Amino acid sequence: MNKPKPKDPLEGVTLEALLTQLVNHYGWEYLGQQVPIRCFQSQPSIKSSLTFLRRTPWARSKVEQLFREFKLKVNHES
């Protein structure tokens, strides 16, 4: 029998929701360390970060990977 494929944590989650969850859990300082971009390190805001992430695939990919790891950690702790 085939095992069911695990659901992708990004499925059905908007970039804004994903970023908001990461900021609420880790904070801007940690995000700026993990993904060293100015919009996380200098006067961070959701709006400026969303604008940058939508235009910059490599940064968005890093944030999405960080979110996957966060969700795995949260699900593992539950």
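Residues numbered from 1 in each chain as written. Predicted model: local features only at pLDDT ≥ 70, side-chain atom pairs only at ≥ 80, totals over all residues. Heavy atoms only, no water.

*Asks:* So what exactly am I meant to see when it comes to the environment of Leu22 here?
*Replies:* Relative to the helices and strands, Leu22 is located in helix H1 (residues 15-26). In this structure the C-alpha to C-alpha distance between Leu22 and Leu72, which are 50 residues apart in sequence, comes to 13 Å. In this structure, Leu22 is in contact with Gly27, Leu31, Val63, Leu66, Phe67 and Phe70, ignoring residues within four places of it in sequence. (Helix = DSSP H or I, 4+ residues; strand = E, 2+ residues; numbered from the N terminus. Contact = heavy atoms within 4.5 Å.)

*Asks:* How should I be thinking about the packing of aromatic side chains in this particular structure?
*Replies:* The geometry of two aromatic rings is summed up by the distance between their centres and the angle between their planes. Counted according to the given criterion, the structure contains four aromatic pairs. Summarising the aromatic geometry, the rings of Tyr26 and Phe70 are spaced 5.8 Å apart at their centres and angled 65° between planes, so their arrangement reads as edge-to-face. Placement of Tyr26 in helix H1 and of Phe70 in helix H5 (residues 57-77) is noted, with a sequence separation of 44 residues between them. Judged by relative accessible area, which is 7%, Phe70 ranks as buried. With a centroid separation of 6.1 Å and 50° between ring planes, the pair formed by Phe67 and Phe70 is classed as tilted. Of this pair, Phe67 and Phe70 both sit in helix H5, three residues apart, which is roughly one turn of that helix. The pair formed by Phe67 and Phe70 is uniform in burial state, with each residue classed as buried. An aromatic cluster is built from Tyr26, Tyr30, Phe67 and Phe70, whose rings are joined through pairwise contacts. (Phe/Tyr/Trp six-rings, centres within 6.5 Å; stacked < 30°, edge-to-face > 60°. Buried < 20%, exposed > 50% of the residue type's maximum accessible area, 1.4 Å probe, protein only.)

*Asks:* In this structure, what is going on with the side chain of Ser49? I would like to understand it.
*Replies:* By the element assignment, Ser49 lies in helix H4 (residues 46-55). Ser49 sits in the buried class, given a relative accessible area of 0%.

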